[in-house]
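Structural characterization, general
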Amino acid sequence: QVQLVESGGGLVQAGGSLRLSCAVSAGVLFSPNVMGWYRQAPGKQRELVATMYSGGQTNYADSVKGRFTISRDNAKNTVYLQMNSLKPEDTAVYYCYRQQGPNPYWGQGTQVTVSS
């Protein structure tokens, strides 16, 4: 069973920055795979933020393009999300995600709160 451990959430003022990290702590890993981030705000559905394939291809939600950057360290099985110019509407629980083959895996979530 693949286990994902997130860190880096917190409270920040609008216009500020945060960096999220997600490391694989256990499980059998193989490629190709995709890792990334989803988020869920209160009363809303979980939505994609950004993903990155093991080969390097990235995908971003329109709402974060130009502000967020996803990166990976494949040697460390870690994915990062650099979030700049944060807005109050970015407030949500952010979930790390990994899929390899047919199996999706999720982290426990980390809260990001942006105050206005």
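Cut-off values and rules
- Residues numbered from 1 in each chain as written.
- Predicted model: local features only at pLDDT ≥ 70, side-chain atom pairs only at ≥ 80, totals over all residues.
- Heavy atoms only, no water.
- Salt bridge = Lys/Arg side-chain N within 4 Å of Asp/Glu carboxyl O.
- Helix = DSSP H or I, 4+ residues; strand = E, 2+ residues; numbered from the N terminus.
- Buried < 20%, exposed > 50% of the residue type's maximum accessible area, 1.4 Å probe, protein only.
- Polar contact = N/O pair within 3.5 Å; in protein donor to acceptor, adjacent residues only side chain to side chain.
- Contact = heavy atoms within 4.5 Å.
- Phe/Tyr/Trp six-rings, centres within 6.5 Å; stacked < 30°, edge-to-face > 60°.
- Lys NZ or Arg CZ within 6 Å of the ring centre and 35° of its normal.

**So, the pattern of salt bridges**
Opposite charge on two side chains lets them pair, provided their charged atoms get close. One pass over the full model with this rule turns up 4 salt bridges. Close ionic contact of Lys-65 with Asp-62 constitutes a salt bridge, the shortest N to O distance being 3.1 Å. The residue Arg-67 makes a salt bridge to Asp-90 at a minimum N-O spacing of 2.8 Å. With Arg-67 in the loop between strand E6 (58-60) and strand E7 (68-73) and Asp-90 in the loop between strand E8 (78-83) and strand E9 (92-100), this residue pair connects regions lying 23 residues apart in the sequence. Just as Arg-67 is buried, Asp-90 falls in that class too. Overlapping salt bridges bring together Arg-39, Glu-47, Arg-67 and Asp-90 as one network.

**A word on the side chain of Asn-33**
By secondary structure assignment, the location of Asn-33 is in strand E4 (residues 33-40). Here the side chain of Asn-33 touches Phe-30 through a polar contact of 3.1 Å, landing on its backbone oxygen. A distance of 2.7 Å separates the side chain of Asn-33 from the side chain of Arg-72, its partner in a polar contact. Discounting residues that sit within four places of it in the chain, Asn-33 has contacts with Met-52, Tyr-53, Ser-54, Arg-72, Arg-98, Gln-99 and Gln-100.

**Here's the deal with the packing of aromatic side chains**
In the structure shown here, the tally under the stated rule is 3 aromatic pairs. Arranged with centres 5.3 Å apart and planes meeting at 65°, the rings of Tyr-38 and Tyr-97 form a pair that is edge-to-face. One end of the pair, Tyr-38, is in strand E4; the other, Tyr-97, is in strand E9, and 59 residues separate them in sequence. Owing to a relative accessible area of 19%, Tyr-38 belongs among the buried residues under this scheme. Using a relative accessible area of 9% as the deciding quantity, one classes Tyr-97 as buried. With a centroid separation of 5.1 Å and 75° between ring planes, the pair formed by Tyr-38 and Trp-106 is classed as edge-to-face. Of this pair, Tyr-38 sits in strand E4 while Trp-106 sits in strand E10 (residues 103-106), and the two are 68 residues apart along the sequence. Residue classification places Trp-106 among the partly exposed positions, given a relative accessible area of 36%. Grouped by ring-pair contacts, the aromatic residues Tyr-38, Tyr-97 and Trp-106 constitute a single cluster. Here the guanidinium or amino end of Arg-46 rests over the ring plane of Tyr-95, the centre of that ring lying 3.7 Å away.

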